[in-house]
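In case you want the letters, here they are:
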Amino acid sequence: MQKTLYILRHAKAEALAPGGEDHDRPLAERGFREASQLGKYMMGQHLWPEKILCSTATRTRQTWQQVQDVFPQTIPIHYEEKLYHASAPEIGRIIGYEADTISKLMVVGHNPGLHEICLRLAKDGDNKLRNQITMKFPTCSFVEVHFDGSWRDLGTADTALIRFITPDSL
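Note that the structure is predicted; figures quoted are calculated from it, not measured.

J.: Teacher, can you tell me more about the side chain of His 10 here?
T.: With respect to the helices, strands and loops of the structure, His 10 is situated in the loop between β1 (2-9) and α1 (29-44). Residue class for His 10 comes out buried when judged on its relative accessible area of 6%. Engagement of the side chain of His 10 in a polar contact is seen with the side chain of Arg 59, the distance being 3.3 Å. Excluding residues within four positions of it along the chain, His 10 makes contact with Arg 59, Thr 60, Thr 63, Gly 109, His 110, Thr 139 and Cys 140.

Here is the structure:
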């Protein structure tokens, strides 16, 4: 069964306030605009995940909410604390627990883990996009990867990079 994995780095967040917690940083005005713009793009391209795995950080939750606001229906979401500062292998393990009845899954999280997993999963597909991901993975970056198999096999599957979108490319 073909799987589609969407990966979304949170949008631009406010700077850490003195004495504040990184986990609690909200989106900046620019971040709200970028996430909303990405949601409109996703809607126009019919990129609808069946389930969302989202870090519990404020900026990831707000990013997904801005994207979700343009969709005609609410998409089931699971807030996963382990996605906050997760490494690429940890993100892969979290994804691996998903039921194979889900064919389109989205992960909303943070760098450097998301950038690392995108680099690992960009094994095949558009060379230009792979090169762009290698160079940088800015806030509100969106990636689409396809593969055949089970979520638990993601790390060893033949994956194809289909799409890499940044706010500047919209």
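J.: What should I look at first to understand the environment of Leu 5 in this one?
T.: Locating Leu 5 in the fold gives a position in strand β1. Distance from Leu 5 to Lys 104, taken between C-alpha atoms, is 5.9 Å for residues 99 residues apart in sequence. Not counting residues up to four positions away in its chain, the partners in contact with Leu 5 are Ile 95, Leu 105, Val 107, Leu 121, Val 143, Glu 144, Val 145, Trp 151 and Leu 154.

J.: How do you make sense of the packing of aromatic side chains when you look at a structure like this?
T.: Here the distance between the centres and the angle between the planes together describe a pair of aromatic rings. Inspection of every chain in the model, using the stated rule, returns 4 aromatic pairs. Between the aromatic rings of Trp 64 and Phe 71, the centroid separation amounts to 6.1 Å while the plane-to-plane angle is 50°, which identifies the pairing as tilted. On the accessibility criterion, Trp 64 (3% relative accessible area) is buried. Note on Phe 71: relative accessible area 8%, which makes it buried. When the centroid spacing of 5.5 Å and the interplanar angle of 75° are considered together, the rings of Phe 147 and Trp 151 count as edge-to-face.

J.: Help me understand the packing of helix α3 (residues 88-96) against helix α4 (residues 113-121) in this model?
T.: For the pair α3 and α4, interaxial distance at closest approach is 8 Å and the crossing angle is 75°. As far as their axial angle goes, α4 and α3 are roughly perpendicular. The residues of α4 that touch α3, namely those facing Ala 88, Pro 89, Ile 91, Gly 92 and Ile 95, are Gly 113, Leu 114, Glu 116, Ile 117 and Arg 120. Here the residues of the contact of α3 with α4 are counted per class, giving 6 nonpolar, 2 polar and 2 charged.

J.: I tried to follow the nonpolar core on my own but got confused; where do I start?
T.: For soluble globular proteins, nonpolar side chains are generally found buried alongside one another. Ranked by internal contacts, the top residues of the largest apolar core, which has 28 residues, are Leu 5, Ile 7, Ile 91, Ile 95, Val 107 and Val 143. Mapped by element, the contributors of at least two residues to this core are β1, α3, β4 (104-109), α4, α5 (127-135), β6 (142-148) and β7 (160-165). Leaving out residues up to four positions away in the same chain, Ile 91 has contacts with Leu 83, Ala 86, Val 107, Gly 113, Leu 114 and Ile 117. Of all hydrophobic cores here, the second largest spans 20 residues; its members include Tyr 6, Leu 8, Ala 11 and Tyr 41.

J.: Mind showing me how you'd approach the sheet that holds β6 here?
T.: Strands pair in a sheet through their backbones, by hydrogen bonds, and they do so in one of two ways: parallel or antiparallel. The 7 strands lie next to each other as β3-β2-β4-β1-β6-β7-β5, forming an open sheet whose pairing is mixed. Whereas interior strands pair on both sides, the edge strands pair on one side only; in this sheet they are β3 (77-79) and β5 (124-125). Across 3 bridges, the pairing between strand β2 (residues 51-54) and β3 is parallel. Looking at the pairing, Leu 53 lines up with His 78 of β3. Helix-sheet contacts for helix α2 (residues 58-68) involve β1, β2, β3 and β4, and the interaxial angle to β4 is about 135°.

Calculation notes
Residues numbered from 1 in each chain as written. Predicted model: local features only at pLDDT ≥ 70, side-chain atom pairs only at ≥ 80, totals over all residues. Heavy atoms only, no water. Helix = DSSP H or I, 4+ residues; strand = E, 2+ residues; numbered from the N terminus. Buried < 20%, exposed > 50% of the residue type's maximum accessible area, 1.4 Å probe, protein only. Polar contact = N/O pair within 3.5 Å; in protein donor to acceptor, adjacent residues only side chain to side chain. Contact = heavy atoms within 4.5 Å. Phe/Tyr/Trp six-rings, centres within 6.5 Å; stacked < 30°, edge-to-face > 60°. Axes fitted to C-alpha atoms, helices over the stretch in contact; angles between N-to-C directions. Parallel < 35°, antiparallel > 145°, perpendicular 65-115°, else oblique. Nonpolar A, V, L, I, M, F, W, Y, C, P; charged D, E, K, R; others polar. Core = buried A, V, L, I, M, F, W, Y, C linked by side-chain atoms within 4.5 Å. Pairing = 2+ DSSP bridges.

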